[in-house]
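Residues per chain are reported as follows:
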Amino acid sequence: MNREAYIVGTGHCVPEKILTNADLEKMVDTTDQWIVERTGIRTRHITDDRTATSDLALEASRQAMESAGWKPSDVQAVIVGTVTPDHAFPSTACLVATRLGLGRVPAWDFEAGCTGFVYGLIQAKAFILSGLFDRIIVIGAECLTKITNWDDRTSCILFGDGAGAVAVSSQGPGGRLGSFHWGSDGNISDLLIQPAGGSREPATCETVKAHKHTIWMNGSETFKHAVRAMRDSCLLALENEGIPKSEVDLLISHQANWRIIDATARALGLSPEQVYVNIDRYGNTSAASIPIALDEAMRAGLLASPKNVVLAAFGAGMTWGGIVIRW
Ligand code: ACO
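Source: prediction; values computed, not measured.

Rules behind the numbers
The written sequence of each chain sets the order in which its residues are numbered from 1. Local features in this predicted model are restricted to residues of pLDDT 70 or higher, and side-chain atom pairs are both shown and tallied only at a pLDDT of 80 or more, whereas totals for entire chains, interfaces and linings draw on every residue. Each side-chain value is derived from all of the structure's non-hydrogen atoms; neither hydrogens nor water enter the calculation. Every case where a carboxyl oxygen of Asp or Glu lies within 4 Å of a side-chain nitrogen of Lys or Arg is listed as a salt bridge. Think of it this way: any DSSP run of H or I at least four residues long counts as a helix, any run of E at least two long counts as a strand, and we number them from the N terminus. Each residue is assigned to one of three classes by its accessible area relative to the maximum for its type, calculated with a 1.4 Å probe on protein chains only: buried under 20%, partly exposed between the two thresholds, exposed over 50%. Pairs of strands are assigned from DSSP output, requiring at least two bridges between the strands. As a rule, the C-alpha atoms of each element are fitted with a line to give its axis, helices using only the stretch in contact, and angles between N-to-C directions run from 0 to 180 degrees. The criterion for a residue being near a molecule or strand is simple. One of its heavy atoms has to lie within 4 Å of it. A 3.5 Å cut-off defines polar contacts: any pair of N or O atoms within that distance qualifies, except that in protein one atom must be a possible hydrogen donor and the other a possible acceptor, and neighbouring residues in sequence count only when both atoms are side-chain atoms. Gly is put with the polar residues, along with every residue not named as nonpolar or charged; the nonpolar set is Ala, Val, Leu, Ile, Met, Phe, Trp, Tyr, Cys and Pro, and the charged set is Asp, Glu, Lys and Arg. Residue ranges assigned to the domains are those given by an automatic or database domain assignment. Contacts: residue pairs with any heavy atoms within 4.5 Å of one another.

A.B. asks: Describe the pattern of salt bridges, listing the residues and the values that go with them.
C.D. replies: Going through the model one piece at a time under the given rule, you end up with 14 salt bridges. A salt bridge links R176 to E4; the nearest nitrogen and oxygen atoms lie 3.7 Å apart. On the criterion of sequence distance, the pair formed by R176 in strand β8 (residues 175-184) and E4 in the segment before β1 (6-13) is long-range, its members being 172 residues apart. On the accessibility criterion, E4 (25% relative accessible area) is partly exposed.

In structure tokens form, the structure reads like this:
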């Protein structure tokens, strides 16, 4: 019998502290009205000085394991998609695996910007179908507000912190990971970049003064590529799965901008009720946004079987990906 991969547990965690648009009005030249109209964001959750990405990832993973009914000894690998690891090295995944008490299992980070979680699910599916693992935890976790330039009104209004995790198993029942489409294009990597701190431009006093350790973004160009990439990823994933877009029950896309989500939904011919949106509460949490939304949708009963769900994301790289999940 063919092996399959199923999502059998979900969890998420956001920090308690909330930053409102009214708070941002006091920090930069912006208005609540502009932010809501142009992005759909009203609040975002932000970490304090003591909290790092692994802290959020740990709690999300605990919830995912609990909802899957997994003991620590059941987990065979942990993978984390993040652009804001606790450290450049060691990986956040190693820290989380140890704090979960998983013993000496393989654990590693990977980086695909906001597409991180979709890339993670595709990796998990491949590992499970190959027979290498039967049970993997996939995490998308970020503290984007730690690398936000709070003087840049074009970007600082967008970001929030959070983590989401799923337990992926070779045994159902659950959300079967179906067909997908993914890709990247380094030709447009400069649209979204944290310029310094890597081997190209190591940290110096000058790089810090120039805010080169924060997010640099060409918002309007990113927007255009995002709309195209999300639409095409969804349509190609559906085509690969062999189901028409009229059979999609729910779209859970990366929560970058309400207008991008809306454009993707329109391309699929979906009504507003068929799209999960929580960007108003959390802002853009990068790799964490889809697993946070997935966990909320699960707990709200929106994924009760049978359901055809499509996940779609784009992010720094540029990267993109869409995957069909069949509950
Ligand atoms: N408040 C008020 N006015 C603003 C603000 C603000 N916060 N930000 C920009 N403006 C102004 C601009 O200066 C500009 O003014 P001008 O016309 O006088 O020059 C005007 O608003 C329009 O600016 P645009 O950049 O054209 O606005 P746009 O509608 O494109 O919205 C936004 C900007 C929200 C950034 C949008 O382009 C977007 O969401 N892009 C995608 C961003 C994204 O998804 N990035 C992913 C990053 S996550 C990651 O991978 C780490």
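A.B. asks: Tell me what's going on with the sheet that holds strand β12 (residues 308-315), and back it up with residues and numbers.
C.D. replies: Pairing is mixed across the open sheet formed by nine strands, whose spatial order is β5-β4-β6-β7-β1-β8-β13-β12-β11. In this open sheet, the two edge strands, each paired with only one partner strand, are β5 (107-110) and β11 (250-253). In this sheet, neighbouring strand axes are inclined to one another by 25 degrees on average, regardless of whether the strands run parallel or antiparallel. Bridge analysis of strand β4 (residues 77-81) against β5 gives four bridges, and the strand direction is parallel. By the bridge assignment, G81 is partnered in β5 with F110.

A.B. asks: How would you explain the site of the ligand if you had to name every residue and give the values?
C.D. replies: Around the ligand, 22 residues are found, and the nearest of them are T30, R38, C114, R153 and N257. Note that an oxygen atom of the ligand is positioned 3.4 Å from one of the side-chain N or O atoms of W34. The set of elements that each furnish at least two residues to the shell around the ligand consists of α2 (32-39), α6 (153-156) and α8 (219-241). Per element, the largest residue contribution to the shell around the ligand is four residues, and it comes from α8. Of the residues belonging to the shell around the ligand, the class tally is ten nonpolar, eight polar and four charged. Lining the shell around the ligand are residues from two domains, each supplying at least three of them: domain 1 (6-173) and domain 2 (178-326).

A.B. asks: Give a description of the side chain of Q255 that names residues and reports values.
C.D. replies: Note that Q255 resides in the loop between β11 and α9 (258-267). A relative accessible area of 0% places Q255 in the buried class. Of the polar contacts made by the side chain of Q255, one reaches the backbone oxygen of Y276; its length is 3.1 Å. With near-sequence residues (within four places) excluded, Q255 lies in contact with I261, Y276, V277, N278, I279, G283, N284, T285 and S289.

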